[in-house]
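Coordinate analysis (summary)
Listed below are the residues making up each chain.
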Amino acid sequence: MSAKQNQRPASKQGSGVVGQPLNRVDGRLKVTGGARFAAEFPHDQMAYAVLIGSTIANGRIKGFDTSAAKRVPGVLAIITHENAPKLRPVATNPAEGDAAGRRVPLQSPVIYYHGQYIAVVVAETLEQTQQAAALVRVSYDEQPPAADMERERGKAYPPKGKVAGKPADTMRGNTDTGLAAANVRVDEIYRTPTEHHNPMEPHATIAVWDGDKLTIYDATQYTYGVRHAMATTFGVPEENVRCICKFTGGAFGCKGTVWSHVSLAAAAARVARRPVKLVTTRQQMFSNMGHRAETEQHVVLGATRAGKLTAIVHEGLSHTSTFDEYVEPFSKATHMLYACDNFKASQRLVALNVGTPTYMRAPGETSGMFALESALDELAYKLNLDPIQLRLVNYADTDPDTKLPWSTKLLKECYRTGAEHFGWARRKPAPRSMRDGRYLLGLGMATAVYPVNHFPSSARVRIQSDGSAIVESSTHDLGTGTYTVLTQIACETLGLPPERVEVIIGDTNLPKAMVSGGSSTVMSVGSSVQGAARAALAKLVETARADTRSPLYGASADQIVASDGRLALKSNDARGETYRDTLARAGMKEVEGSYDTEFNDKEKKFSSHAFGAQFAEVRVDPDFGEVRVTRFTGVFDIGRVMNMKTGQSQMKGGIIMGIGMALMEETVLDTNSGRLVNRDLAEYHVPVHADVPQLDVVLLENFDEHASPIGAKGAGEIGIVGAAAAVANAVYHATGVRVRELPITLDKLLGKGALA
Ligand code: MOS
């Protein structure tokens, strides 16, 4: 069956268990420590691996002195490029903009970045391993690194691959003509720094070999991806590799790629002939698992006096590594967000001696919308137009890029509801016109958008003879609520209460699911769970109506409904029986249904996106330049809301990350040595509770049947999009100082000398 046949919106009105703010079904396990994360699976004879990172950012290893390290008791192996097993590269397809970062480790003496793994030490205990690792001596031939985008800009080059599926240089209409026709222009440069994901759970892998069979417990967003990568790296059949990941302690994109520590854990286990546990350090996570690339974005807007956009130019630079290509697609959303006939996008790359950047929560939109939505705000002031009004003037009734109709778009309602909730009407238009005692007060807003990404995925549902049901798919719960939402989706179709449904995920022995990235999991896997539940239920109905002893014997399938663990006639609830009775009488242990959801994206008839409107209030200390976010409202159209509580939590997490982006987060590279200056949570600042006000999140009611069979559009990423711009726009409104370079730290406000 295809997704198409599964498109009946069963409960469009959101009645029943779907949509309810059900508490996390895995909550008890989490708070009691019963939830096992990757590093928490015990094994007999477990050995420990510690990775050693390069202390230079560019050059070659001359040699190792491991003599002292080898004398540490319990040392089982010290693996370097001189003695490492051959590891095969995993093919990626840069022409498709495929994920980079899979450079094969320990195969040569070349150093590309600071912190790059150069050796693995394996020993009986973690302490012995750490001690031995500390005693390994390395000598290098060091070269000066490329560690400053500004300094390297002369060597900028066009990406080989696409930028979010499009050529790096695109033009719609003619922006020169468009700008010539403009009455008003904004022409500015916006900058975003390197940022890091920093999930609470570090990357961790346990590797266990049994002959040519490998079991990997991994902190990942993509179990099947790990399986594929390990099969390729070690030259064994895919079915020989099993990846298990029951819980992922946060990810935000950095656990979507199979980084080299996974291969190194497996290589170490092979060399040491022992199960090996490898947990990376926070500092290693700053060097080796990707990051959001630094951007320099040039945005030019042309508009008529009425605010109608006549041209949009969005071009600039982002960095990649010297050995691989990752493009931060900051121009992505600009293609489609506002109605404008003349649009140009252009992106270039600058190679630096750093690890390859990667996807980080709404990659592209997050950096790009800071620039675009700041520029729109600047345009609104130039035109003396309300920022919401400017966005409504340029509202796109169809997708300006693909010319397709929207599947659904409740963006106008997001603006309206947001303005109402936030009290936008109280905002005085002029900068520096509002105060709260001695503080400057500012109100700002921005639009949020994120595309619908759905992937083929499979699920199995088994209705058990005790009347309960088991749901299976090899998808992931990153802390997002996958267990809970899949439970609700199964309950809706099966007519069972949540406590009678068990969801089993995170194991490549289960039906295949793709990467839990791109906000895709619920709409992809959820659609499969719905399909599989329907298939299982259909078999149960068949069993009942074919059985002469059943009260439902002879009834037609469409006369039978399922609820409360019972099948009964629609017209007469008394005529029916429990699932348990049906299966017991038939002598069956279970009935099973499977479903593969496929999405036909080649013949898209609609453009599908989630939308939102973000509103921030800030209070700025005029003497010290300190910015506090005092209020925040986010209103979103994410299609059907599967769980009001986990859905709102997703938005809140995104907004908090956006506040961090606006005011704190910045990874600093020492431009001379190529070392990361602030590679821990003491120096890399993320928001804490005291930095975050009560967040007002509204999720609009919608059901987008073109986005996915279950009506959802995706919730994981849109919360961050627009959040930083809303804060930045509020800071301008408060102070009259436009900071175009994130994060907005007090030195930037005071440095402009404008606050006094
Ligand atoms: Mo996300 S950045 O697609 O994990």
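Preceding this paragraph is the structure being described.
In what follows, the accompanying structure is described.

**With respect to the packing of aromatic side chains**
Following the criterion strictly, the structure yields 14 aromatic pairs and no others. Ring centres of Y326 and Y359 lie 5.6 Å apart, and the angle between their planes is 80°; this geometry places the pair in the edge-to-face category. Of this pair, Y326 sits in the loop between β14 (309-321) and β15 (343-352) while Y359 sits in the loop between β15 and α9 (365-383); the two residues are 33 residues apart in sequence, bridging distant segments of the chain. By way of ring pairs, the aromatic residues F37, F247 and Y483 are connected into one cluster. Sitting over the face of the ring of W209, R270 holds its NZ or CZ atom 3.9 Å from the ring centroid.

**Quick notes on unusual backbone geometry**
The omega angle of the peptide bond from L742 to P743 is -10°, so this bond is cis rather than trans. Structurally, the position occupied by P743 is in the loop between α16 (723-735) and α17 (746-751). Positive phi values are uncommon outside glycine, yet N384 reaches one of about 60°. With respect to the secondary-structure elements, N384 resides in the loop between α9 and α10 (387-393). Within the chain, K403 stands out as a residue other than glycine whose phi angle is a positive 65°. Within the secondary structure layout, K403 lies in the loop between α10 and α11 (411-422).

**Looking at the pattern of salt bridges**
Oppositely charged side chains may form a pair once their charged atoms are brought near each other. Scanning all chains against the criterion turns up 40 salt bridges. Across the pair E325 and K160 runs a salt bridge whose closest N-O atoms are separated by 3.6 Å. You can see E325 sitting in the loop between β14 and β15 and its partner K160 sitting in the loop between α4 (149-152) and β7 (169-172), a full 165 residues away along the chain. For K160, a relative accessible area of 66% translates into the label exposed. Among the charged side chains, a salt-bridge network with shared partners connects E188, D377, E378, R738 and R740.

**Brief notes about the state of the cysteines**
Note on terminology: disulfide describes a covalent bond linking the sulfur atoms of two cysteines. Overall, the coordinates contain zero disulfides when judged by the stated rule. Of the cysteine sulfurs around C243, a residue in no disulfide, the closest is that of C245, at 6.5 Å.

**Section: the sheet that holds strand β8 (residues 184-192)**
Pairing is mixed across the open sheet formed by five strands, whose spatial order is β7-β15-β14-β13-β8. This sheet does not close on itself; its edge strands, each paired only once, are β7 and β8. The average undirected angle you get between the axes of adjacent strands in this sheet is 10°. Relative to β15, β14 runs parallel, the two sharing ten bridges. Opposite I312, over in β15, you have F343 as the bridge partner. The strands touched by α9 within the sheet are β8, β13 (295-303) and β14, with β8 carrying the most contacts at an inclination of about 150°.

Conventions we followed
Residues numbered from 1 in each chain as written. Predicted model: local features only at pLDDT ≥ 70, side-chain atom pairs only at ≥ 80, totals over all residues. Heavy atoms only, no water. Phe/Tyr/Trp six-rings, centres within 6.5 Å; stacked < 30°, edge-to-face > 60°. Helix = DSSP H or I, 4+ residues; strand = E, 2+ residues; numbered from the N terminus. Lys NZ or Arg CZ within 6 Å of the ring centre and 35° of its normal. Salt bridge = Lys/Arg side-chain N within 4 Å of Asp/Glu carboxyl O. Buried < 20%, exposed > 50% of the residue type's maximum accessible area, 1.4 Å probe, protein only. Disulfide = S-S within 2.5 Å. Pairing = 2+ DSSP bridges. Axes fitted to C-alpha atoms, helices over the stretch in contact; angles between N-to-C directions. Contact = heavy atoms within 4.5 Å.

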